[in-house]
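# Overview (structure and organization)
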Amino acid sequence: MYSSQQLIRQTAAYVRQTLQNAEGGHDWWHILRVWNNAKLIAKTEPADMLVVELAALLHDIADSKFHNGNEDIGPQTAVAFLQRIQTDAMVIQQVELIIRNMSFKSGFDGHQFYSPELAVVQDADRLDAIGAIGIARAFNYGGFKGRELYNPEIASNLQMSKEEYKNTTAPTINHFYEKLLLLKNKMNTPTAKKLAEQRHFFMETYLEQFYAEWNGAR
């Protein structure tokens, strides 16, 4: 039986190898940032660190966005790997539930599962979606999908269904209003709420500058 640290090291190595050619906003460096965020947040939460670290490492191992919208492939891939390295069955079950329920789009279905570990990993991932890194990731993914930066003739849709959200082709600026600016108020933990304040403010400041430049005011 492997120790917790051995399981984490093997998982980190597997994820880094698997995501070495992934889109820049969902690659190993995204995973590393979320992993570090999760370890920071978990210091003040009653969470199982092994579950937190494994879920943070594996949460985007096969993101549905890059697999034709398949929301099962990620959890299934994570479970298969954890079974191969002989992880405890209860730990695997917790990691699978976190991966299935932590994404923004899972909120369209209503909350089906909650745990202290989910709260930590979800917050860690959401923090990486806002602030300077969040802006960079949004435009990187928009470019990857061939989307416009901004089109003032296309309004943001704040009442999207899950399917509309998954299939949107709207300009990247719309994504700020449809997701990124909503995340500050969706944080679960005190640590993440505090960290989100400054990152949220940075995005608001960025948008002010963006529109000023777009309109030739600066």
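Residues numbered from 1 in each chain as written. Predicted model: local features only at pLDDT ≥ 70, side-chain atom pairs only at ≥ 80, totals over all residues. Heavy atoms only, no water.

## A word on the nonpolar core
Counting residues in each nonpolar core, the largest one holds 58 residues, and the members touching the most others are V15, L57, L58, L82, V95, I98 and F176. Counting residues per element, this core draws most heavily on helix α3 (residues 49-58), at eight residues. Setting aside chain neighbours within four positions, we find V15 in contact with W28, I31, L57, L58 and I61. (Core = buried A, V, L, I, M, F, W, Y, C linked by side-chain atoms within 4.5 Å. Buried < 20%, exposed > 50% of the residue type's maximum accessible area, 1.4 Å probe, protein only. Helix = DSSP H or I, 4+ residues; strand = E, 2+ residues; numbered from the N terminus. Contact = heavy atoms within 4.5 Å.)

## A few points about the pattern of salt bridges
This structure, assessed with the given rule, holds four salt bridges. Between R33 and D128 there is a salt bridge, with the nearest N and O atoms lying 2.7 Å from each other. Here the residue R33 occupies a position in helix α2 (residues 28-42), and D128 occupies one in the loop between α6 (116-127) and α7 (131-144), the gap between them amounting to 95 residues. Here R33 falls in the partly exposed class, since its relative accessible area comes to 25%. With a relative accessible area of 2%, D128 lands in the buried category. Close ionic contact of R100 with E96 constitutes a salt bridge, the shortest N to O distance being 3.2 Å. Residue R100 and its partner E96 are both found in helix α5 (residues 89-101); the two are separated by four residues, about one turn of the helix. (Salt bridge = Lys/Arg side-chain N within 4 Å of Asp/Glu carboxyl O.)

## Quick look at unusual backbone geometry
Backbone geometry places Q86, a non-glycine residue, at a positive phi of 60°. With respect to the element layout, Q86 can be found in the loop between α4 (73-84) and α5. By relative accessible area, which is 47% here, Q86 ends up partly exposed.

## Some points on the packing of α4 against α5
Between α4 and α5, the shortest axis-to-axis distance is 9 Å and the interhelical angle comes to 160°. What the angle tells us is that α4 and α5 run roughly antiparallel. Crossing of α4 over α5 shows right-handed handedness. Here α4 contributes G74, P75, Q76, A78, V79, L82 and Q83 to the contact with α5, which in turn contributes I92, V95, E96, I99 and R100. Residue classes in the contact of α4 with α5 are distributed as seven nonpolar, three polar and two charged. (Axes fitted to C-alpha atoms, helices over the stretch in contact; angles between N-to-C directions. Parallel < 35°, antiparallel > 145°, perpendicular 65-115°, else oblique. Left-handed = near helix turned anticlockwise from the far one by under 90°. Nonpolar A, V, L, I, M, F, W, Y, C, P; charged D, E, K, R; others polar.)

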